Amino acid sequence: MDRPPSQPKGVAIVREIADTYADCTLTYKLREAINLERVRMQHRTYVRALQDLGLRVVTLPADPRYPDGCFVEDTVVLLGDLAMITRMGVPTRNGEQEAVGRCLARSKQLVFMTAPAQLEGGDVLKIGTHLLVGASGRTNRAGIDFLQTIACPRGYRISVLEVSGTLHLKTAVTYVGRETLIASRALAPQVRMTLPEWDLIELSDECAPAANVLNVHGTVLIPLGFPVAVREIARRGFPLKELEISEFHKGEAGLTCLSIIEEETSPANSEER
């Protein structure tokens with residue numbers, strides 16, 4: 001007798017790759033040729049990894065008006081049963097939030113950020129009820145203040161880190177698990193000041209892209225090609241899975257950018273893959 005399939009442990013919202021992805025917004029990187037077939041293959045592999053780790057994946061359709069639309073993380077900050085819909089630091093990205101908001105409205109109360117506030121989800125690293133927030137080129141002080149007015153009454157506390165020379169806070173630091181963080185050398189001093197008792201894996205400049213990892217139910221997803229970072233994470237007892245995301249690195253993106261993860265399952269209208 002076959003065993004019944006295990007029930008999903010949470011939901012991941014992703015978005016298909018638009019035909020216009022090669023026109024995605026760049027701030028620090030020089031534009032490189034992007035292979036659409038390859039980026040879609042890498043995206044499918046990413047989605048399968050989330051599913052294999054127990055998440056139900058909801059896939060939103062691509063919209064050619066928004067080349068950056070697959071970077072769904074930037075559109076929202078989840079705070080329990082509330083979803084704060086952001087205002088992008090790049091005006092041409094505003095509009096990406098609409099499809100995400102419709103999806104989340106089935107399970108969350110929506111709050112919409114208003115001008116002059118700007119904040120992108122890639123600048124918010126949530127560790128339990130502690131929010132590390134990056135003051136970056138994409139997130140302004142008004143955006144941080146807006147988040148505080150929403151999050152703090154709900155029991156969250158906020159620490160602000162100054163981000164320069166890189167796109168988002170989570171480009172340079174993410175949570176590995178069990179009070180362990182991984183960060184680029186440039187941001188490591190601020191991370192140590194913020195969480196001095198925590199374990200910190202500090203990466204050299206050559207390994208900096210590996211600072212963006214994603215812990216899904218205890219397994220750490222990490223970009224392929226960074227053996228030093230893999231060794232340091234494995235040495236701390238975390239199971240790992242390496243994923244090839246070279247075409248997303250060309251778009252100044254990482255693993256966390258490509259999904260919005262809810263801990264609990266929720267209904268959605270969108271097609272599941």
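Since this is a predicted model, take the numbers as computed values, not measurements. (Residues numbered from 1 in each chain as written. Predicted model: local features only at pLDDT ≥ 70, side-chain atom pairs only at ≥ 80, totals over all residues. Heavy atoms only, no water.)

A.B. asks: Tell me what's going on with helix 6 (residues 227-235), and back it up with residues and numbers.
C.D. replies: Within helix 6 the residues assigned to the buried category are Ala229, Val230 and Ile233. One side of helix 6 holds all its buried residues, which, seen down the axis, span an arc of 100°. Facing away from the buried side of helix 6, by more than 90 degrees, are the exposed residues Pro227, Arg231 and Arg235. Of the surrounding secondary structure, the elements contacted by the buried residues of helix 6 are strand 9 (173-177), strand 10 (180-184), strand 11 (199-203), strand 13 (219-223) and strand 14 (240-243). Gly237 sits one or two positions beyond helix 6 and adopts a positive phi of about 90°. (Buried < 20%, exposed > 50% of the residue type's maximum accessible area, 1.4 Å probe, protein only. Helix = DSSP H or I, 4+ residues; strand = E, 2+ residues; numbered from the N terminus. Arc of directions from axis to C-beta. Contact = heavy atoms within 4.5 Å.)

A.B. asks: An account of the sheet that holds strand 13 is requested, with residue identities and associated values reported.
C.D. replies: Ordered by their spatial adjacency, three strands build an open sheet running 12-13-14, and the pairing between neighbours is mixed. With partners counted over all chains shown, the strands left at the sheet margins are strand 12 (214-216) and strand 14, one partner each. For this sheet, the mean angle separating the axes of adjacent strands, direction not counted, is 30°. Inspection of the sheet shows strand 13 paired to strand 14 by four bridges, in the parallel sense. (Pairing = 2+ DSSP bridges. Axes fitted to C-alpha atoms, helices over the stretch in contact; angles between N-to-C directions.)

A.B. asks: Go over the pattern of salt bridges, please, and point to the residues and values.
C.D. replies: Following the criterion strictly, the structure yields 17 salt bridges and no others. Linking Asp81 and Arg154 is a salt bridge whose minimum nitrogen-to-oxygen distance equals 2.3 Å. In this pair, Asp81 sits in the loop between strand 3 (76-79) and strand 4 (82-85) while Arg154 sits in the loop between helix 3 (141-151) and strand 8 (157-162), placing the two residues 73 residues apart along the sequence. Judged by relative accessible area, Asp81 falls into the partly exposed class, the value being 47%. Arg154 sits in the partly exposed class, given a relative accessible area of 36%. Connected through shared salt-bridge partners, Asp74, Arg93, Glu96, Glu120 and Arg138 make up one network. (Salt bridge = Lys/Arg side-chain N within 4 Å of Asp/Glu carboxyl O.)

A.B. asks: Kindly report on unusual backbone geometry, identifying the contributing residues and their values.
C.D. replies: For the bond from Ala115 to Pro116, the omega torsion is 5°, close enough to zero to count as cis. For Pro116, the position within the fold is in the loop between strand 5 (109-112) and strand 6 (124-127). A positive phi angle is found at Glu179, which is not glycine, with a value near 55°. Mapped onto the elements of the fold, Glu179 is located in the loop between strand 9 and strand 10. If you check the backbone angles, His217 has positive phi at about 50° while not being a glycine.

A.B. asks: Describe the sheet that holds strand 8, naming the residues involved and giving the relevant values.
C.D. replies: The pairing of strands in a sheet happens through backbone hydrogen bonds and is either parallel or antiparallel. The sheet built from three strands is open, its strands ordered 6-7-8 with mixed pairing. Lying at the two open borders of the sheet, with one neighbouring strand each, are strand 6 and strand 8. Put simply, the sheet's adjacent strands are angled 20° from each other on average, direction ignored. Sheet topology places strand 7 (residues 130-135) next to strand 8; six bridges connect them, and they run parallel. Bridged to Val133 within strand 8 is Val160. Helix 3 rests against strand 6, strand 7 and strand 8 of the sheet, and its axis sits at about 165° to strand 7.

A.B. asks: Quick rundown of the nonpolar core? Include the residues and the values.
C.D. replies: Burial of nonpolar side chains together is a common tendency in soluble globular proteins. Tyr21, Tyr46, Leu50, Phe71, Leu221 and Phe248 are the most contacted members of the largest nonpolar core, which totals 26 residues. For this core, the leading source of residues is helix 1 (residues 36-52), giving five residues. The contact partners of Tyr46, leaving out residues within four places of it in the chain, are Val14, Leu214, Leu243, Leu255, Leu258 and Ser259. Residues Val77, Leu147, Ile150 and Tyr156 belong to the second largest nonpolar core, which totals 19 residues. (Core = buried A, V, L, I, M, F, W, Y, C linked by side-chain atoms within 4.5 Å.)

A.B. asks: Kindly report on the environment of Leu26, identifying the contributing residues and their values.
C.D. replies: Looking at the secondary structure, you find Leu26 in the loop between strand 1 (11-15) and helix 1. Distance from Leu26 to Gly251, taken between C-alpha atoms, is 6.6 Å for residues 225 residues apart in sequence. Ignoring sequence-local partners within four residues, the contact set of Leu26 consists of Arg31, Lys250, Gly251 and Glu252.

A.B. asks: Give me the side chain of Asp68: which residues, what numbers.
C.D. replies: Its place among the elements puts Asp68 in the loop between strand 2 (56-60) and strand 3. The buried charged residue Asp68 lacks any salt bridge, with Arg93 as its nearest oppositely charged partner at 4.4 Å. (Lys, Arg positive; Asp, Glu negative; His and termini not counted.)

A.B. asks: So what about empty space enclosed by the protein? Which residues, and what values?
C.D. replies: Counting across every chain of the model gives one cavity of 30 Å³ or more. The volume enclosed by the largest cavity comes to roughly 80 Å³. If you trace the largest cavity, you find it lined by Thr25, Asp68, Phe71, Asp74, Arg93, Arg138, Leu167, His168, Gly251, Glu252, Ala253 and Cys257. When its residues are assigned to classes, the lining of the largest cavity shows four nonpolar, three polar and five charged. (1 Å grid on protein atoms, 1.4 Å probe; cavity = no way out; pocket = protein on both sides within 12 Å on 5 of 7 lines; lining within 4 Å. Points joined across faces, edges and corners; volume = space filled by probe spheres on them. Nonpolar A, V, L, I, M, F, W, Y, C, P; charged D, E, K, R; others polar.)

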